[in-house]
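Below, each chain spelled out in residue letters.
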Amino acid sequence: MDHIANQPLPTIRRRSGLSTPTQIYVALRDAIVRVDLAPGRQLSENELAGQMGVSRTPVREALARLRDERLVEVVPQLGTFVARIIPAAVADAQFVREALECAAIRLAAENAGADDLRGLEENLRGQERARDDGDREVFYLLDDAFHKAICDLSRHPTVWLVSQRAKSHLNRVRRLSLEAEGYLPEMIEEHREVVAAIAAHDPDRAELALRYHLRQALRELPRIRAERPDFFPQELP
């Protein structure tokens, strides 16, 4: 393992309203997806428990759940580490996301009313403010809210939940992609085309626009891998 494994632990805050093991799981999962916990970083139960003010038991349970999701890995005789980004896992997540959201947007184009469209337009204005402020974190949250709104318009609420569970590996790439020059303006323009298609109540156009947009999430992967090779396995499966 390289130097990433021994980097200082970032601040990880628990959320209220959930059981302690679930709070720990959500906090660690969010930190991994945000890349606050970098791929390859070693995770110590004692260190995590101390920072989060809990015993080792809920930390151990949370790490087990993350291991099942392939977000952490256990290396015999070495310890537990944040899983590196595996392109095959990213591609799997992209496949699931595209299948679900493209099915959902066809229904969204049929179901969207005036209030729904106003909500999407307000979200886009927020994205533009985040772009102008250079606030990638706010943009990411608004981007997620935009896609959730489209999924919700399908009137199948489980679509978003299943998509979220499937795309953890993809979300790390999405986060890192926000650093690319010109990426945010292009994403906003693609979102605008998606909204225009929904407003026209044209399912075919809406699906085509969204499918193109979703596939752009992978375009930065080669650059990320070239700039941060330590985030990826040395030998790809």
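The shown structure was predicted, so the numbers you read here are calculated from the model rather than taken from an experiment.

Asker: Looking at this model, I keep getting lost on the overall build of the chain. Mind explaining?
Answerer: Per the secondary structure count, the chain includes 11 helices and three strands. Order of helices (α) and strands (β) in the chain, N terminus to C terminus: α-β-α-α-β-β-α-α-α-α-α-α-α-α. For 237 residues, the compact-globule formula gives about 18 Å, and the C-alpha radius of gyration of the chain, at 19 Å, lands near that figure. In terms of its C-alpha atoms, the chain occupies a principal-axis envelope of roughly 60 × 40 × 35 Å. Taken over 237 residues, the chain has a buried fraction of 46%. When contacts within the chain are restricted to residue pairs at least 6 apart in sequence, long-range pairs at least 24 apart make up 75% of them. About 11,700 Å² of surface is accessible on the chain, with carbon and sulfur atoms providing 51% of the total.

Asker: Sorry if this is basic, but what is going on with helix α5 (residues 114-133) here?
Answerer: Owing to its 3.6 residues per turn, the α-helix brings residues three or four apart onto one side. Between the first and last C-alpha of α5 there are 29 Å, a value that for 20 residues agrees with the 28 Å anticipated at 1.5 Å per step. Within the span of α5, buried status applies to Leu117, Leu120, Asn123, Leu124, Gly126, Gln127 and Ala130. Of the residues flanking the end of α5, it is glycine 134, one or two places downstream, whose phi is positive at about 70 degrees.

Asker: Got a minute to help me understand the nonpolar core in this structure?
Answerer: Where a protein is soluble and globular, its nonpolar side chains tend to be buried together. By size, the foremost hydrophobic cluster in this structure holds 20 residues, and its most contacted members are Leu28 and Leu66. Among the secondary structure elements, those contributing two or more residues to this core are α1 (20-33), α2 (45-52) and α3 (56-68). A per-element tally of this core places α1 first, with seven residues. Dropping the residues within four chain positions of it, leucine 66 is found in contact with Tyr25, Leu28, Arg29, Ile32, Leu71 and Val72.

Asker: Quick question: what am I supposed to make of the pattern of salt bridges here?
Answerer: When charged atoms on two side chains of opposite charge get close, those side chains can pair. One pass over the full model with this rule turns up 28 salt bridges. One salt bridge connects glutamate 193 with arginine 205, and the closest N-O pair in it is separated by 2.9 Å. Here glutamate 193, found in helix α9 (residues 183-199), pairs with arginine 205, found in helix α10 (residues 203-215); they are 12 residues apart in sequence, far enough to count as distant. When its relative accessible area of 34% is taken as the criterion, glutamate 193 is described as partly exposed.

Asker: I tried to follow the state of the cysteines on my own but got confused; where do I start?
Answerer: Linking two cysteines covalently via their sulfur atoms produces the bond known as a disulfide. Scanning all chains against the criterion turns up zero disulfides. In this structure cysteine 102 is not part of a disulfide, and its nearest cysteine sulfur, from cysteine 151, lies 9.8 Å away. Its relative accessible area of 2% is what places cysteine 102 among the buried residues. Given the relative accessible area of 1%, cysteine 151 is considered buried.

Conventions adopted
Residues numbered from 1 in each chain as written. Predicted model: local features only at pLDDT ≥ 70, side-chain atom pairs only at ≥ 80, totals over all residues. Heavy atoms only, no water. Helix = DSSP H or I, 4+ residues; strand = E, 2+ residues; numbered from the N terminus. Rg over C-alpha atoms; globule rule 2.2 N^0.38 Å. Buried < 20%, exposed > 50% of the residue type's maximum accessible area, 1.4 Å probe, protein only. Contact = heavy atoms within 4.5 Å. Areas by Shrake-Rupley, 256 points an atom, 1.4 Å probe, with all protein chains shown as cover. Expected span 1.5 Å × (residues − 1). Core = buried A, V, L, I, M, F, W, Y, C linked by side-chain atoms within 4.5 Å. Salt bridge = Lys/Arg side-chain N within 4 Å of Asp/Glu carboxyl O. Disulfide = S-S within 2.5 Å.

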